[in-house]
Amino acid sequence: MPLLQVKNLEVSFALRNGSVKALQDINFSVERGDRIGIVGESGAGKSVLGFSILNLISRPGSITNGEVLFEGRNLANLPAEELRNIRGNRISMIFQDPMMTLNPVLTIGTQMIECLKAHRQITDENARKIAIQKLQQVYIPSPETRLDQYPHELSGGMRQRIVIAISLLMDPEIIIADEPTTALDVTIQAEIMELILELCERNDVALIMITHDLGVISQITKQLFVMYAGRIIEQGPTKEIINDAQHPYTQGLINALPQMTVRGERLQQIRGSMPSLNDSLTGCAFNPRCDHAEDICTETLPSYTASGGCKVACHLVEKMKNQEVLS
Ligand code: SF4
């Protein structure tokens, strides 16, 4: 049995006159020690997916179909007490902005000790020892001193290290990292990413990395899920997708990477923008932006086609492959 299995997940948001689907038909599983990447532009549904794994979707949103099975138990309908035991304890989340996670009026030590005491029967003294160990693991210098400081006394990179240390407090089996470096200085983004990877590898923790940055994700994940308008449109081994993307949207994302652009030339962009949840689209949601679209693309939602080790939601994937062979 996989450690985590997401099956036919659908998340909807209620509106005054109906509802809109923010996620649909999401399926994947995570084993211990896996490195999973979820990539897509803003509005693709990546963060909604991260939150819905932990059943943290707040009203007017809700899980309207499917299951999120953790060791076989469905987190989508688990009693609040059992769910609390899994959140933070067995599955942790690292958010984009450390200041959103840390309480500005409490010292780092108080926050870490409170977190430990909320999940375990433990004395203040032992909780403090564990907090110091975790700060050492994330290479915080003088951890004893840092415990008595407030978040605003630390740099952005240091704060994100503290958040990573907090995510490790309960020795979780899965860490969901939602754009963990976006709010940080470019100079320390790589450092934080390497740290997350190192800690997951050392502790055999599965990592679900959510980001818009295909360049980052291609270096650290083994399996890749590309999202567009609330659906996974391409999935498979990261290397295979990066070397030979099949879906026109994934191809566009790869071509837009700065390293794919010849010096002195303009960056290649995908024309248009992601549809909003309120747009009523039929067929493939990517069709207004796709250079290959045919009539069927505006009429029918594409189902998945197996292609190599990947699955691709595109009507024309076979046709485009045959054209490639002939050209
Ligand atoms: Fe483009 Fe059609 Fe494939 Fe959608 S289904 S990606 S519109 S070719």
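Residues numbered from 1 in each chain as written. Predicted model: local features only at pLDDT ≥ 70, side-chain atom pairs only at ≥ 80, totals over all residues. Heavy atoms only, no water.

A few points about the overall build of the protein chain
- Each helix and strand in the protein chain was counted, giving 13 helices and twelve strands.
- Whereas a compact globule of 327 residues would reach a radius of gyration of roughly 20 Å, the protein chain reaches 21 Å, a difference of no more than 12%.
- Its C-alpha atoms give the protein chain principal-axis dimensions of about 70 × 50 × 40 Å.
- Residues classed as buried in the protein chain amount to 48% of the 327 residues present.
- A total accessible area of about 16100 Å² is found for the protein chain, and carbon and sulfur atoms account for 48% of it.
- Between the mean site of the 30 positive side-chain charges and the mean site of the 38 negative ones, the protein chain shows a separation of 3 Å. (Helix = DSSP H or I, 4+ residues; strand = E, 2+ residues; numbered from the N terminus. Rg over C-alpha atoms; globule rule 2.2 N^0.38 Å. Buried < 20%, exposed > 50% of the residue type's maximum accessible area, 1.4 Å probe, protein only. Areas by Shrake-Rupley, 256 points an atom, 1.4 Å probe, with all protein chains shown as cover. Lys, Arg positive; Asp, Glu negative; His and termini not counted. Charge placed at Lys NZ, Arg CZ, Asp CG, Glu CD.)

Remarks on the nonpolar core
- If you look at the biggest cluster of nonpolar residues, it comprises 91 residues, and the most contacted ones within it are F28 and I208.
- Residues C297, V312, C314 and M320 belong to the second largest nonpolar core, which totals six residues. (Core = buried A, V, L, I, M, F, W, Y, C linked by side-chain atoms within 4.5 Å.)

Notes on the pairing of strand β9 (residues 223-228)
- Most of β9 is tucked away: five of the six residues are buried.
- Where strand β3 (residues 35-39) meets β9, four bridges bridge the pair, whose relative direction is parallel. The residue of β9 that forms the bridge with G37 is L224.
- Remark: two residues form the turn of the hairpin made by β9 and strand β10 (residues 231-237), two consecutive strands paired antiparallel; A229 in that turn has positive phi of roughly 50°. (Pairing = 2+ DSSP bridges.)

A word on the site of the ligand
- Around the ligand, a shell composed of H247, P248, C284, F286, N287, C290, H292, A293, C297, C314, H315 and L316 is seen.
- A breakdown of the residues in the shell around the ligand according to their chemical character gives eight nonpolar, four polar and no charged. (Near = heavy atom within 4 Å. Nonpolar A, V, L, I, M, F, W, Y, C, P; charged D, E, K, R; others polar.)

Observations concerning the side chain of Q111
- Of note, Q111 is situated in helix α4 (residues 108-119).
- Taking the relative accessible area as the measure of exposure, Q111 reaches 12% and is therefore buried.
- If near-sequence neighbours (up to four positions away) are discounted, Q111 is found in contact with T101, L102, N103, L106 and P151. (Contact = heavy atoms within 4.5 Å.)

Description of the sheet that holds strand β8 (residues 206-211)
- The mixed open sheet is built from eight strands, whose spatial order is β6-β7-β8-β3-β9-β10-β12-β11. The strands lining the two open edges of the sheet, one partner per strand, are β6 (91-94) and β11 (305-307). For this sheet, the mean angle separating the axes of adjacent strands, direction not counted, is 20°.
- Contacts from helix α1 (residues 46-53) reach β3, β6, β7 (174-178), β8 and β9 within the one sheet, and its direction differs from that of β8 by about 150°. (Axes fitted to C-alpha atoms, helices over the stretch in contact; angles between N-to-C directions.)

Things to note about the packing of aromatic side chains
- On inspection of all chains with the given rule, the structure shows five aromatic pairs.
- When the centroid spacing of 5.2 Å and the interplanar angle of 45° are considered together, the rings of F28 and F225 count as tilted. Of the two residues, F28 is situated in strand β2 (residues 18-30) and F225 in strand β9; the sequence distance between them amounts to 197 residues. Comparing F28 with F225, the two get one shared label, buried.
- Members of the aromatic cluster, each reached through a chain of ring pairs, are Y228, Y249 and F286.
- Over the ring of Y304 we find K311, and its NZ or CZ is 5.6 Å from the ring centre. (Phe/Tyr/Trp six-rings, centres within 6.5 Å; stacked < 30°, edge-to-face > 60°. Lys NZ or Arg CZ within 6 Å of the ring centre and 35° of its normal.)

Section: the environment of I57
- Along the chain, I57 turns up in the loop between α1 and β4 (61-70).
- Along the sequence, I57 and D185 sit 128 residues apart, while their C-alpha atoms lie 29 Å from each other.
- Setting aside its immediate chain neighbours within four residues, I57 contacts V11, F13, V48, F51, S52 and S62.

What about the packing of helix α7 (residues 156-167) against helix α8 (residues 186-203)?
- Their axes nearest at 11 Å, the elements α7 and α8 cross at an angle of 15°. With respect to α8, the axis of α7 lies roughly parallel. For α7 against α8, the interelement crossing comes out right-handed. Seen from α7, the contacting residues are G157, Q160, R161 and I164; seen from α8, they are I188, E191, I192, L195, I196 and L199.
- Class assignment of the residues belonging to the contact of α7 with α8 gives a composition of six nonpolar, two polar and two charged. (Parallel < 35°, antiparallel > 145°, perpendicular 65-115°, else oblique. Left-handed = near helix turned anticlockwise from the far one by under 90°.)

Considerations on the layout of surface pockets
- Quantified by volume, the largest pocket comes out at close to 540 Å³.
- For the lining of the largest pocket, the element with the most residues is α4, which contributes five residues.
- Per-class residue counts for the lining of the largest pocket are nine nonpolar, seven polar and four charged.
- Per-domain counts for the lining of the largest pocket show at least three residues from each of domain 1 (4-90 + 170-326) and domain 2 (97-169).
- Roughly 470 Å³ of internal volume is contained in the second largest pocket.
- Contributing to the lining of the second largest pocket are 25 residues, with K21, Q24, A229, D279 and A285 lying nearest its centre. (1 Å grid on protein atoms, 1.4 Å probe; cavity = no way out; pocket = protein on both sides within 12 Å on 5 of 7 lines; lining within 4 Å. Points joined across faces, edges and corners; volume = space filled by probe spheres on them. Domains from an automatic or database assignment.)

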